[in-house]
Amino acid sequence: MKTRMNFFRKTTAALLSTVVIVCMLPAIVMAAGKNYTSATNVTFGVNYTGEITDSNRVEWYKIVLPSAGRITVNAEANICRVYYNFFQGERAETQLLNKDVSWNSQTYWSSYTYQERYAAGTYYFRVTKDSNYDYYGEFNVTFSFESSGESFVEQIGGTNNNFSTASNISLNKEYYGQICSNDTADYFKFYLPVDTTVEIPAKAYLTRVYFLVFNAEYQELYKNEVWSDGAVGYIHPNIKLNLKKGTYYFALNRTSTCDGVYSFKISANIAGWQKDSKGWWYRNNDGSYAAFTWKQIDGKWYYFDLSGYITIGWKNLGGKWYYFDNNGVMQSGWNKISGKWYYFDENGAMHTGWICYCGKWYHTDSNGALQTGWQQLQNKWYYFDGNGAMQTGWISYGGKWYHTDSNGVMQTGWVQLQGKWYYFKSSGVMAANEWVGYYYLQADGSMR
């Protein structure tokens, strides 16, 4: 807490050191902050200290807002009477604040808070003394900023304040903005590809604001001045319109001196299948279309090419093969394609090699085609029936008998089966009614 004696000490020191001050005058004149061109660049959250004297009567600070939002300036001064000014524009051409603040006669300090919403751009804050009096002393000032989270960065004076500069927006997407003294209106342009019902859920943290909807000829289709609900602190009109295919505008206009933030969404169900001369494509609810991507629609998976059309037939994606039917639906499980059977897993990827399906083993070649009959795999022979299922045990093929073990591998040489010995030639054919070495094999192939 500063004292009155502090003030008189400063005054006495200043009078006794006049000569010193005069000698230092050139350096003080050149000090930063004497005018807007040499203003101190502000960093939010930093406390700036300064001093106003007879020879240094003003300090300037430059504030650059990256987006629309609320700026807060907290200032305190050990000066009997101090002036605060706020300007907008690169050359500080427009004054927004001219405030004089006197100190507390008990503490010899004053405090002042300036808080306003502004659009993005350059601003200046100035601290100066009353020119009619020789007040001087120290001051502190801190700047803070809270962004409105606007969807379109708007500069001083507004960027989309009329039909010709309206911001293009997508359907079914949330947008955010701010209405304030130097950005009094926002216009948005959207396109409906079909006749449909449009709903515009909107929230606005303003006391009063106009919501408007226009057609492509700028004819007003909807207008409502709404006030905030004191219970919840914001307004949320339920705008619902039946509109034809075409271009429209949604706008918010400032009423009186009300500032605040808002959000809205142009909600319309326009998603669905579309067909043109090149094929089928799918329009999303925001008006865009799926392209170069997978998309699940009504429980079925589709792949859309770079141009946005469905894929039909075979497609290699990420090193894996997929198959899409004539409707573009991704296939899974067993599918017969051009007379051959292929297996696709639950994610649609084609499998090659061994496949266990419903407790049975199958094998597909390197191209994914199901194999049947005798197949040599890694120098071993296996037999697959007409459905492609691997067989084990006794196999009758071409009027001859063969035997495969529990792993499906064709057996050769002497094999004991159920207590009897059999001999299978190198071709896998069971020997019968013939001698093998010193042993005679009967008609059923068993050794006598």
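As a starting point, this report considers the structure included with it. (Residues numbered from 1 in each chain as written. Predicted model: local features only at pLDDT ≥ 70, side-chain atom pairs only at ≥ 80, totals over all residues. Heavy atoms only, no water.)

Describing the packing of aromatic side chains
Line of reasoning, step 1. The full count for this structure, using the stated rule, is 64 aromatic pairs.
Line of reasoning, step 2. Taking 5.8 Å as the distance between ring centres and 25° as the angle between the ring planes, the aromatic pair formed by Phe190 and Tyr248 counts as stacked. Here Phe190 is found in strand E12 (residues 185–192), whereas its partner Tyr248 is found in strand E17 (residues 246–254), with 58 residues between them in sequence.
Line of reasoning, step 3. On the basis of relative accessible area, Tyr248 is assigned to the buried category, the value being 7%.
Line of reasoning, step 4. Connected via pairs of aromatic rings, a cluster forms that spans Tyr48, Tyr61, Tyr84, Phe86, Tyr112, Tyr114, Tyr118, Tyr123, Phe125 and Phe143.
Line of reasoning, step 5. Here the basic side chain of Lys223 rests over the ring of Tyr210, its NZ or CZ set 4.8 Å away from the ring centre. (Phe/Tyr/Trp six-rings, centres within 6.5 Å; stacked < 30°, edge-to-face > 60°. Helix = DSSP H or I, 4+ residues; strand = E, 2+ residues; numbered from the N terminus. Buried < 20%, exposed > 50% of the residue type's maximum accessible area, 1.4 Å probe, protein only. Lys NZ or Arg CZ within 6 Å of the ring centre and 35° of its normal.)

Regarding the sheet that holds strand E5 (residues 81–88)
Line of reasoning, step 1. Spatial strand order, E1-E3-E8-E5-E6: five strands in an open sheet with mixed pairing. The open sheet terminates on both sides in strands that have one partner only, identified here as strand E1 (40–41) and strand E6 (94–102).
Line of reasoning, step 2. Summarising the sheet, E1 and strand E3 (residues 58–65) pair through two bridges and their orientation is parallel. Among the inter-strand pairings, Asn41 is bridged to a residue of E3, identified as Lys62. (Pairing = 2+ DSSP bridges.)

Examining the nonpolar core
Line of reasoning, step 1. Counting residues in each nonpolar core, the largest one holds 29 residues, and the members touching the most others are Phe211, Phe250, Phe264 and Ile266.
Line of reasoning, step 2. If you list the elements that add at least two residues to this core, you get strand E11 (174–179), E12, strand E13 (196–204), strand E14 (208–215), strand E15 (220–227), strand E16 (238–243), E17 and strand E18 (260–265).
Line of reasoning, step 3. Top contributing element to this core by residue count: E13, with four residues.
Line of reasoning, step 4. Excluding residues that lie within four positions of it along the chain, Phe264 makes contacts with Ile169, Lys173, Glu174, Tyr175, Phe188, Ile200, Pro201, Ala202 and Phe250.
Line of reasoning, step 5. Listed in part, the 27 residues of the second largest apolar core include Val42, Val101, Ala119 and Phe139. (Core = buried A, V, L, I, M, F, W, Y, C linked by side-chain atoms within 4.5 Å. Contact = heavy atoms within 4.5 Å.)

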